Amino acid sequence: MYKKAKITRKGLYRQYFKRLLDFFVSLILILVLFLPGIIIAILIKVSAPREPIFFRQERVGKNGIDFQIYKFRTMSSQAPHAVATEDFYHPMQYITPVGSFLRRTSIDELPQLLNVLKGEMSIIGPRPLIPTEKLVLNQRQQLGADKALPGITGLAQISGRDELSGAKKAELDADYVKHLSAKLDLQILLKTIAVVLFQKGFHEGKG
């Protein structure tokens, strides 16, 4: 007779509890932040009347499956659409007045709670890349970093954020997937608060 493999606490968290937490936490946050979200939407529309309130972009998710990510719009529609912001030259020419504040505080990322609710993302995980970032995507695949749902924040975001190279981010993402646990997720979540408050490692484009 074959013995059933024992599922560890870490395994239970990976397979079941993490998704349950993502679902309920994202649902609660969406309800709590609904009215503030309306105010933000109004400010975006007043700041740039001709621009849509929300920004959607194709990103690469778990196991290389593409999905549409949601954000509050922070740039004009003239900004390059299929280019990572970190590769922009003089990005401030595209960023709207309200968008600058939303980006510095990471408030523009809040609509991704909808992605979490839908099961396309997790609250904690490797940040989802755009399909044109093939070098880093290949590095992630080779290291096994694509085996988890992408997150709103992750290990790379608390370890240097925009100051890290793509290769270093891929290594950190793989390290996260390898050691994924409730304790690690909690540590990342708490450190994310400090990173956002003090805007550690935040840079806009290449100049």
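Our subject is the structure that appears above.
Residues numbered from 1 in each chain as written. Predicted model: local features only at pLDDT ≥ 70, side-chain atom pairs only at ≥ 80, totals over all residues. Heavy atoms only, no water.

Peer 1: Run through the pattern of salt bridges, naming residues and quoting values.
Peer 2: Under the definition given, this model contains 6 salt bridges. Close ionic contact of Asp173 with Arg140 constitutes a salt bridge, the shortest N to O distance being 2.7 Å. Of the two residues, Asp173 is situated in helix H6 (residues 166–179) and Arg140 in helix H5 (residues 134–143); the sequence distance between them amounts to 33 residues. A relative accessible area of 3% means that Asp173 is categorised as buried. With its nearest N and O atoms 3.9 Å apart, the salt bridge here joins Glu171 to Lys168. Highlighted residues: Glu171 and Lys168, both in helix H6, separated by 3 residues, approximately one helical turn. Because the salt bridges share partners, they merge into one network encompassing Lys71, Glu109 and Arg127. (Salt bridge = Lys/Arg side-chain N within 4 Å of Asp/Glu carboxyl O. Helix = DSSP H or I, 4+ residues; strand = E, 2+ residues; numbered from the N terminus. Buried < 20%, exposed > 50% of the residue type's maximum accessible area, 1.4 Å probe, protein only.)

Peer 1: Which residues make up the layout of surface pockets, and what values do they have?
Peer 2: Within this model, the second largest pocket holds a volume of roughly 300 Å³. What lines the second largest pocket is a set of 15 residues, and nearest its centre among them are Ile30, Leu33, Phe34, Gly37 and Phe72. Those elements that provide at least two residues to the lining of the second largest pocket are helix H1 (9–32), helix H2 (34–47) and helix H4 (112–118). Top element by residues in the lining of the second largest pocket is H2. It accounts for 6 residues. Classifying every residue of the lining of the second largest pocket by side-chain character gives 14 nonpolar, 1 polar and no charged. (1 Å grid on protein atoms, 1.4 Å probe; cavity = no way out; pocket = protein on both sides within 12 Å on 5 of 7 lines; lining within 4 Å. Points joined across faces, edges and corners; volume = space filled by probe spheres on them. Nonpolar A, V, L, I, M, F, W, Y, C, P; charged D, E, K, R; others polar.)

Peer 1: Give a description of the pairing of strand E2 (residues 66–72) that names residues and reports values.
Peer 2: Within a regular strand, the side chains alternate between the two sheet faces. The buried fraction of E2 is high, at 5 of 7 residues. Pairing between strand E1 (residues 54–60) and E2: 7 bridges, direction antiparallel. Directly across from Val60, in E2, lies its bridge partner Asp66. With antiparallel pairing between neighbouring strands as the criterion, E1 and E2 make up a hairpin whose turn holds 5 residues, including Asn63 at a positive phi of roughly 60°. (Pairing = 2+ DSSP bridges.)

Peer 1: With reference to specific residues and values, describe the nonpolar core.
Peer 2: A general trend in soluble globular proteins is that nonpolar side chains are found buried together. Leu155, Tyr176 and Ile188 are the most contacted members of the largest nonpolar core, which totals 19 residues. Among residues more than four places away in sequence, those in contact with Leu155 are Leu172, Asp175, Tyr176 and Ile188. (Core = buried A, V, L, I, M, F, W, Y, C linked by side-chain atoms within 4.5 Å. Contact = heavy atoms within 4.5 Å.)

Peer 1: A description of the side chain of Arg73 should follow, citing residues and the corresponding values.
Peer 2: Along the chain, Arg73 falls in the loop between E2 and helix H3 (97–104). Separated by 3.1 Å, the side chain of Arg73 and the backbone oxygen of Met75 make a polar contact. Beyond its immediate sequence surroundings of up to four residues, Arg73 is in contact with Ile44, Glu51, Pro52, Ile53, Phe54, Phe55 and Leu102. (Polar contact = N/O pair within 3.5 Å; in protein donor to acceptor, adjacent residues only side chain to side chain.)

Peer 1: Give me the lowdown on the environment of Arg14, citing residues and values where you can.
Peer 2: Position of Arg14 relative to the elements: it lies in helix H1. Setting aside residues up to four positions removed in sequence, Arg14 forms contacts with Val177, Lys178, His179 and Leu180. Separated by 2.8 Å, the side chain of Arg14 and the backbone oxygen of Lys178 make a polar contact.

In short, the description is geometric, and any link to function would need to be established separately.
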